[in-house]
Amino acid sequence: MEILGSKILITGAAKRIGRAIALALAEQGAQVLLHYHRSGPEARALQKQIRKDFNYEAPLLRADLRQPAQVFRLAEAAWKAFGSLDVLINNASTFFPVAVGRITPKDWHEAVSVNAEAPLYLMDRLGPRMQERRRGKIINIGDWNYLRPASRFLSYCAAKAALLSLSQAYAKALAPQVQVNAILPGAILWPPDAMKIPKRKVLERTLVKRQGSPQDIVKTVEFLIRDGDYLTGSFITVDGGASLY
Ligand SMILES: NC(=O)c1ccc[n+]([C@@H]2O[C@H](COP(=O)([O-])OP(=O)(O)OC[C@H]3O[C@@H](n4cnc5c(N)ncnc54)[C@H](OP(=O)(O)O)[C@@H]3O)[C@@H](O)[C@H]2O)c1
């Protein structure tokens with residue numbers, strides 16, 4: 001699929017990896033729709049940059065992905081913004097530690113709603129419409145750690161595992177018209193320092209012995225949109241070999 005002119009919804013687009021994806025696709029002439037939740041100023045700054053650099057007015061769509069009603073409204077608003085959609089990128093995520101022995105329903109709900117349930121509803125409402133138009137790609141951003149869940153992040157890892165199962169289920173359900181794939185990043189951008197990630201240890205446990213960059217994810221997204229027509233139900237691991245270590 002050509003990136004130029006494609007209508008692309010990116011969740012969690014205001015900052016970090018989502019922002020890098022949005023900027024790169026806008027630069028190549030995609031009509032990006034920017035979803036955000038708390039980062040209003042950053043989303044508006046990104047919209048302004050895209051307007052200035054690429055002469056394109058990206059719609060901003062706000063939704064709390066923990067709230068199903070808002071997720072369904074987001075799906076409707078995204079489709080209505082351009083009358084169709086070519087690509088859905090489920091990038092938004094919450095990543096936070098939990099204490100074994102003290103896990104709460106709130107912890108579980110937060111992890112599952114943002115990382116799995118919202119992508120499920122977006123795929124469910126937008127995928128069949130893409131299928132009807134015989135044109136569509138869905139890219140789910142997972143995490144290679146779903147293969148080796150860290151107990152400190154067990155709700156996040158379990159939610160990402162659910163997302164990957166859903167990714168393959170929708171690859172089947174939406175075939176042959178729509179391709180659904182997942183990207184599994186490794187250490188790309190550190191979470192806030194307060195989270196105390198053992199950075200040196202994490203990087204030692206890669207084969208390439210270094211951190212990745214948002215551009216590694218951007219290039220994989222571009223590949224899936226532009227060239228990945230024979231891939232569906234696939235997981236592409238972009239982790240510097242961490243999963244083999
Ligand atoms: N960073 C890494 O090294 C790494 C490693 C492995 C996997 N990944 C995956 O790659 C993707 C991007 O990573 P990232 O680190 O850039 O993500 P991130 O900063 O943790 O989160 C991206 C966005 O998700 C949105 N979000 C969180 N809770 C939300 C809610 N309740 N409703 C709506 N949006 C919500 C936030 O939007 P607002 O700020 O607007 O609220 C946030 O900016 C994620 O799926 C992540 O799991 C990243």
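Now for a description of the structure that goes with this document. Note that this is a predicted model, so its numbers are computed, not measured.

### A few points about the pattern of salt bridges
Here is step 1 of the chain: Within the structure shown, the criterion is met by 11 salt bridges.
Here is step 2 of the chain: When the shortest N-O distance is used, the salt bridge between Asp64 and Arg66 registers 2.8 Å.
Here is step 3 of the chain: In this structure, Glu110 and Arg66 form a salt bridge, with 3.4 Å as the shortest nitrogen-oxygen distance. Taken together, the residues Glu110 in helix 4 (residues 105-133) and Arg66 in the loop between strand 3 (60-62) and helix 3 (68-82) connect sequence positions 44 residues apart.
Here is step 4 of the chain: Where salt bridges share partners, they join Asp64, Arg66 and Glu110 into one cluster.

### Considering the site of the ligand
Here is step 1 of the chain: Neighbouring the ligand are 28 residues; His37, Arg38, Ser39, Leu65 and Asn91 lie closest to it.
Here is step 2 of the chain: At 2.8 Å, a side-chain N or O of Tyr156 approaches an oxygen atom of the ligand.
Here is step 3 of the chain: Between the ligand and the protein, one listed contact pairs an oxygen atom with a side-chain N or O atom of Lys160 at 2.9 Å.
Here is step 4 of the chain: Protein contact buries 89% of the 880 Å² of open area that the ligand shows by itself.

### What to know about the sheet that holds strand 6 (residues 178-185)
Here is step 1 of the chain: With respect to topology, seven strands assemble into an open sheet ordered 3-2-1-4-5-6-7, the strand pairing being parallel. Sheet topology places strand 3 and strand 7 (235-238) at the edges, where each strand pairs with a single neighbour. Direction aside, neighbouring strands of the sheet carry axes that sit 20 degrees apart on average.
Here is step 2 of the chain: Bridge count for strand 4 (residues 87-90) against strand 5 (residues 136-141) is four bridges, and the pairing is parallel. Bridge pairing in strand 5 links Ile89 to Ile139.
Here is step 3 of the chain: Sheet contacts for helix 3: strand 1 (7-10), strand 2 (31-36) and strand 3; angle to strand 2, the most-contacted strand, approximately 155 degrees.

### Focus on the packing of aromatic side chains
Here is step 1 of the chain: Within this structure, the stated rule accounts for four aromatic pairs.
Here is step 2 of the chain: Judged by centre distance (4.4 Å) and plane angle (10 degrees), the rings of Phe95 and Phe153 are stacked. With Phe95 in the loop between strand 4 and helix 4 and Phe153 in the loop between strand 5 and helix 5 (154-173), this pair connects stretches of sequence that are 58 residues apart.
Here is step 3 of the chain: Its relative accessible area of 7% is what places Phe153 among the buried residues.

Rules used throughout
- Residues numbered from 1 in each chain as written.
- Predicted model: local features only at pLDDT ≥ 70, side-chain atom pairs only at ≥ 80, totals over all residues.
- Heavy atoms only, no water.
- Salt bridge = Lys/Arg side-chain N within 4 Å of Asp/Glu carboxyl O.
- Helix = DSSP H or I, 4+ residues; strand = E, 2+ residues; numbered from the N terminus.
- Near = heavy atom within 4 Å.
- Polar contact = N/O pair within 3.5 Å; in protein donor to acceptor, adjacent residues only side chain to side chain.
- Areas by Shrake-Rupley, 256 points an atom, 1.4 Å probe, with all protein chains shown as cover.
- Pairing = 2+ DSSP bridges.
- Axes fitted to C-alpha atoms, helices over the stretch in contact; angles between N-to-C directions.
- Contact = heavy atoms within 4.5 Å.
- Phe/Tyr/Trp six-rings, centres within 6.5 Å; stacked < 30°, edge-to-face > 60°.
- Buried < 20%, exposed > 50% of the residue type's maximum accessible area, 1.4 Å probe, protein only.

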